[in-house]
Each structure stands twice: as C-alpha cells, then as structure tokens.
Amino acid sequence: MFTVKDMDLAGRIGLLKTKSGPIETPSFLPVIDPARQELPLSDIENAGFNQVITNAYLILKRFGDKAIDLGIHGVLGFKGVVMTDSGAYQVLEYGDIEYSQEAIIEYQKNIGSDIAVILDVPTGDVAYEEARLTVEETLRRAREALELIKDTKPLWVLPVQGGKYLDLVALSAREAAELPYYSVYGIGSPTVFFERYDLSTVLDMIHTAKRILPQGRPVHLFGAGHPLVFPFAVALGVDTFDSASYILYARDDRYIVNHGVYKLEDLDYLPCSCPVCSRRSPGDFLEADRAERTRLLALHNLYVIKNSLDNTKQAIKEGRLWELLEEVSRRHPKALEALRKFRKYYKYVEAQTPRVKGKIYGVKVYDVESLWNPKILRFRLKTLTILDSLLETVESINLAPLAGSEKECILDIIDTGGSMKIYYEPFIGIIPRELCGTYPTTQHLTPKTINWPVIEDLVNVLRILYSKARARGIPVTLVYCERVWWHSILAREASHLGVNVKVEC
Ligand code: ZN
C-alpha cells in the first residue's frame, strides 16, 4: 500500500497505492470546492497534480444521493486520486448533529473516495481541558468506526489531535498506532498556527506524533499550503499535504512566493517563471477580469507549491535535504526558527538518515546550523566517543589545522612514534589522523570566512580533548598560524589552559 523508495533525514519519497492509481509522495492535494471552483480541474491536472481533496460533507449537502450515482470522480470530472475530508470543521461550525459519523463514513464509501477521513474533532487553539476532550472524542470515534471501515476500499485516515499540547498529541498518536484498518495517519489542526507563521509549533506536533506512529504508514498534514512549510515538514516525515491556500489567496489577489505572500498590486515584477508568469507582467494580471485573474493567480500559486515539493524531493534523492533546509531557513525568520528547532529533533532525524547513498558528494556547510547536519554531527559524535580508547596508548598529541591541501592528512603518513596527530577543522571538530579522509572530513565545502559561533564550537571541542589528555597526563601541542584570526583565538585559549602552542606560519 505504501512503499518507501528513498530517504534523507526523516523525509521520504514513497508510493501510495489507491484504487484510482498511485501517488508519489511527498505530495500535495489541492482542495476542491464543489460549489465554487474558479480553477478548473483540467488546469490543476495540467499543472501536474493527479490528486485532489474535497469535502464529503459539502458534497453531501450539495449533491446528496446524486453523488452516489455519479461517483465522486464523476461529480468532479476528475479521473485521478480523490481524497475526501469528512467535513468535521463544517459539522462543528454549523452545529449540524444530523450527520452522524456513520452517515459520513457510509457516504464516503458510497461515492467512491480513494482516501477518506473519519469524523474527527479538530482541536484548534483551545485551552488544555477542551483539547483533551477533542483527543478523547476523536479516539472514541476512531474505535467506533472500525467496524464500518473494515475491508472497505478507501484508504482510511485517522487524524491525530491535541494541537499545541504535545502530551496530548503523544497520547493521541499512541492510541492511534494501536488501531487496525487505518492506512494513513493525519496530523490535525495546524491551520491556526500556520496563520501566524508559527511553523515551530506545527513541527513540534509532527515530531511528537511521528516518533510514535509506525514508520511504515504515510502521514498527512492537514491545511499546509505554503512553500516554506514543505521542506521542514517533509524532513520530519510528512508524506502528503492539502490546502485551499492557492485559491483563497487568489481570490484575495495574493501571489505566493517562496518566502511569503504578496499582494498583487505591490509587485513590480513577477519573481516566477511558471507557465503563467513567464508570459505576463503584474499589469496583465490586474487588467484581467476578476474570474480570469483568480484563475491565473490560483494556477501560479499551485505551480509555486509544486516547485517547492519537487525541490524537496530532488534534495532527498541527492541526500542534501539538510542543506535545502538551511537555504530555505534564510527566506523567513520563522523558517530559521524552525531549522534551529531541529537541534531538538536530532536523535529522531539522525536515526532515519541513511548512512550511505548511491553517490557521495561534498557536504556544503554554511554557518552554525550546519553543525547539526546529521552528516556532520554524526562524525563529530563518533570522534568524541572513540577518543578515550584512542588516547589509551598515546604519549603526546600534536594538534594541527587541516587547512591547506584537503588531501594533506591522507598523505601525512610520517611515523610519529608514540605521538598522535589530530587535526582540527571548523564544523568538523577534531579529526584523529586515522579517521582523516573518511566522510565527511575531506568531503565538505566550507566558506573561507567563518563566523564566531562556529569557532566557539571548535574551542569547546578542543577543551574536551585537553581535559581528557590532562587526565591521562598526555602533553598536547597546538600548532597554529598567526595570520588566521581564529587560530590565534585557539592558541590563546590553549595557552590559558596550559597547553603548549607552536607558531608554524
Ligand atoms: Zn508563476
């Protein structure tokens, strides 16, 4: 049903099989409003979306039994994969108790949904007690639904609720993971947080749920429709997304870009070369009539969404998803905040990151956040773990910069007797000569100008080495170059701690 084809960080490229064909994930499902769809489904299909989502409750209200005769694909005039949401929001909003969970589930089965959702109770941004009740009620309904969804054709989605209360999200995920017949898990209620660009809270929710949910099943994030969100959510293991943002923004003359959203009238140029924008100027949009303008904007917005997901998928293929997160983190302060959150997720993310991928390439490091790239941090942690055993037979330590030729250490085979050579290098930390040349000691690209926090990190790593050496009575000599500003800092710190220093240039 769901096969993972490739991975990087906790992000995966997968294949989700439905009765109307497969979806390659990560994947976005545009929300279709059956009553008011300014962007024809043929346009959506031509933009590369073979999957959409619509609202079963609204279909029921509008089409009733006619949708059962036509099937949901017939109603929409769309052959691809159709997911239906149960309309939990609408049922809550209109206080419509006439529609029971049983009725909504039967209806989704009867109209031929490919992926369907039980009638959950979205948490939203509410007080703790209220949030707890939404979790309990959703789980109660999930259990109640088991008999109704057993051996049926749609892939059933079980939404994990709890909102910003991570203990509730964990509880919800733990219980959900125990239930049979659900093929997809959803992460509910992020919309209120997205509206405030509060990406961090949503990532906490995803991380909490994903650590508990079985890895073999796909996870859907409800209501995520901005390019800033996808790389981060995918990196934590979200597989599918849906949103109406593309059309809601379009109706309001808003143009999605990678770093935010523009009001059309504020644009002098179109920073996009999608099929819509490449032949137009902002004036062309403004001159079009309302319906055409909405259609064009919605189509552009979808192209931007697709582009973000395609970029993310390519980064997974190449094993450089962390580097992509660093790039994207510079597009908005909230995105940088999100990246820094990944320090907290390190254990989970590292465990999912493959050790070897087909092609080995140089890791690009940029700034202090690069220290948390699993490819870098893995090596750093390994060095610190084996340091004790390495120091067992050593009489003295010679610390030298890796600078100069990157292959230097591999050629440096002079027998130094009982003296041990250890290199130091920003971002990588310390490299015992024996490990020099192993990935990524000489397979990383570093800027020549390095910011202070990265040097501070190196200072801290060296401090650990000094103290381990001192405990064993091993003398350390730090070789450095006076012309390099941060070498001088290391030397000053070393002298201060009673380590020998030696200027070599
Ligand atoms: Zn465009």
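Figured I'd write up the structure that's included with this text. Small disclaimer: the values here were computed from a predicted structure and weren't measured.

Analysis parameters
- Residues numbered from 1 in each chain as written.
- Predicted model: local features only at pLDDT ≥ 70, side-chain atom pairs only at ≥ 80, totals over all residues.
- Heavy atoms only, no water.
- Disulfide = S-S within 2.5 Å.
- Helix = DSSP H or I, 4+ residues; strand = E, 2+ residues; numbered from the N terminus.
- Pairing = 2+ DSSP bridges.
- Axes fitted to C-alpha atoms, helices over the stretch in contact; angles between N-to-C directions.
- Contact = heavy atoms within 4.5 Å.
- Donors = N, O, S within 2.8 Å, 3.2 Å for Na, K, Ca; no water.
- Tetrahedral: all angles 85-135°; square planar, octahedral: opposite > 155°, others 65-115°.
- Buried < 20%, exposed > 50% of the residue type's maximum accessible area, 1.4 Å probe, protein only.
- Lys, Arg positive; Asp, Glu negative; His and termini not counted.
- Salt bridge = Lys/Arg side-chain N within 4 Å of Asp/Glu carboxyl O.
- Polar contact = N/O pair within 3.5 Å; in protein donor to acceptor, adjacent residues only side chain to side chain.
- Parallel < 35°, antiparallel > 145°, perpendicular 65-115°, else oblique.
- Left-handed = near helix turned anticlockwise from the far one by under 90°.
- Nonpolar A, V, L, I, M, F, W, Y, C, P; charged D, E, K, R; others polar.

**Quick notes on the state of the cysteines**
Part 1: If you walk through the whole model with that rule in mind, you get one disulfide.
Part 2: The side chain of C481 participates in a disulfide bridge whose partner is C505; the two sulfur atoms lie 2.1 Å from each other. An S-S torsion of about -140 degrees defines the bridge between C481 and C505 as left-handed. With a gap of 24 residues between them, C481 in the loop between β19 (476-480) and α20 (485-496) and C505 in the segment after β20 (500-503) connect regions that are remote in the sequence.

**Focus on the sheet that holds strand β9 (residues 184-187)**
Part 1: On the basis of which strands lie adjacent, the closed barrel formed by eight strands has the order β4-β5-β6-β7-β8-β9-β10-β11 and parallel pairing. Neighbour-to-neighbour, the strand axes of the sheet open up by a mean angle of 25 degrees, direction not taken into account.
Part 2: The sheet contacts of helix α3 (residues 66-76) involve β4 (27-32), β5 (51-55) and β6 (81-85), and relative to β6 the element is tilted by about 110 degrees.

**Describing the coordination of the zinc ion**
Part 1: Protein coordination at the zinc ion: the donors are C272 (SG), C274 (SG), C277 (SG) and H300 (ND1), at 2.1 to 2.3 Å from the metal.
Part 2: Metal-centred angles of 96 to 122 degrees between the four donor atoms at the zinc ion mark the site as tetrahedral.
Part 3: Positions of the donor residues of the zinc ion along the chain correspond to the pattern C-x1-C-x2-C-x22-H.
Part 4: Owing to a relative accessible area of 22%, C272 belongs among the partly exposed residues under this scheme.

**Observations regarding the sheet that holds strand β1 (residues 2-8)**
Part 1: Taken together, the three strands give an open sheet; going across it, the order is β1-β2-β3, and neighbouring strands pair in antiparallel fashion. Single-partner strands in this sheet number two, and they are β1 and β3 (21-25). The sheet shows a mean angle of 10 degrees between the axes of neighbouring strands, taken without regard to direction.

**Overview of the environment of D457**
Part 1: With respect to the helices, strands and loops of the structure, D457 is situated in helix α19 (residues 452-471).
Part 2: Residue class for D457 comes out buried when judged on its relative accessible area of 14%.
Part 3: Considered as a pair, D457 and T208 are 249 residues apart in the sequence and their alpha carbons are 29 Å apart.
Part 4: Setting aside residues no more than four positions away along its own chain, D457 makes contact with L371 and R380.

**Structural notes on the side chain of D242**
Part 1: Mapped onto the elements of the fold, D242 is located in strand β11 (residues 240-243).
Part 2: Despite its burial, D242 remains without a salt bridge, the nearest opposite charge being carried by R251 at 13 Å.
Part 3: Polar side-chain contacts of D242 include one of 2.6 Å to the side chain of H220.
Part 4: For D242, the contacting residues outside a window of four places in its chain are F28, L29, V31, I53, H220, L221, F222, G223 and A224.

**Details of the pairing of β6**
Part 1: β6 sits mainly inside the fold: four of its five residues count as buried.
Part 2: Summarising the sheet, β5 and β6 pair through five bridges and their orientation is parallel. The residue of β6 that forms the bridge with N55 is D85.
Part 3: Of the pairings in the sheet, the one linking β6 to strand β7 (residues 115-117) comprises two bridges and is parallel in character. Looking at β7, one finds that T84 is bridged to A116.

**Overview of the packing of helix α17 (residues 374-391) against α19**
Part 1: In the contact formed by α17 and α19, the axes pass within 10 Å of each other and the chain directions differ by 20 degrees. With respect to their mutual orientation, α17 and α19 come out roughly parallel. Considering only the axes of α17 and α19, their crossing is right-handed. The segment α17 lies against α19, with R380, L384, L387, D388 and L391 engaging D457, V461, I464, L465, K468 and A469.
Part 2: Its residues placed into classes, the contact of α17 with α19 shows seven nonpolar, no polar and four charged.

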